[in-house]
Amino acid sequence: MAKRNTDTSARADQLKEDLRHLSETVEELMNATSKDASGEMRDLRERAERRLKDTRARLEARGERFYEDTRETLSEQVDCCDRYVRENPWTSIGLGAAAGLVVGMLLGRR
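If you're wondering where the values come from, they're calculated on a predicted model, not measured in any experiment.

What am I meant to see in the pattern of salt bridges here?
Where charged atoms of side chains with opposite charge meet at close range, the side chains can pair. Following the criterion strictly, the structure yields one salt bridge and no others. Between D82 and R86 there is a salt bridge, and its shortest N-O distance comes to 3.1 Å. One end of the pair is D82 and the other is R86, both in helix α2 (residues 39-87) and four residues apart, which spans about a single turn. You can call R86 exposed: its relative accessible area is 64%.

Explain a negative patch on the surface to me, please; I cannot follow it from the model alone.
A grouping of E60, E64, E68, D69, E72, E76 and D79 is seen on the molecular surface, where their side chains present a negatively charged patch. Secondary-structure assignment places D69 in helix α2. When its relative accessible area of 46% is taken as the criterion, D69 is described as partly exposed.

Conventions and cut-offs
Residues numbered from 1 in each chain as written. Predicted model: local features only at pLDDT ≥ 70, side-chain atom pairs only at ≥ 80, totals over all residues. Heavy atoms only, no water. Salt bridge = Lys/Arg side-chain N within 4 Å of Asp/Glu carboxyl O. Helix = DSSP H or I, 4+ residues; strand = E, 2+ residues; numbered from the N terminus. Buried < 20%, exposed > 50% of the residue type's maximum accessible area, 1.4 Å probe, protein only. Patch = residues over 30% accessible without salt bridge, like charges linked within 9 Å, V, L, I, M, F, W, Y side chains within 5 Å. Areas by Shrake-Rupley, 256 points an atom, 1.4 Å probe, with all protein chains shown as cover. Lys, Arg positive; Asp, Glu negative; His and termini not counted. Charge placed at Lys NZ, Arg CZ, Asp CG, Glu CD.

Okay, structure coming up:
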């Protein structure tokens with residue numbers, strides 16, 4: 001599970017970096033061609049600028065949605081665990097002790 005989270009985090013970071021690099025490249029291209037007065041170049045530049053702004057807005061919205069969904073899911077899981085521990089305190093203590101014993105044995109081997 002930790003490996004999956006690390007992989008997902010690494011992929012998300014790489015995607016952010018790629019998108020940042022792409023947006024910087026498009027902005028450089030728009031700035032480099034800003035002096036070109038031809039109508040076709042101006043139209044292309046305006047379309048690229050519009051698409052860049054739209055893409056940024058969509059990505060920000062998706063990021064916010066992903067954050068809220070993740071937060072809601074984690075909140076539900078925490079509530080579920082809390083309910084279980086409150087309903088079954090002795091079972092929870094036993095599980096915690098067993099987990100501590102296993103971790104202690106594993107660490108003791110090193």
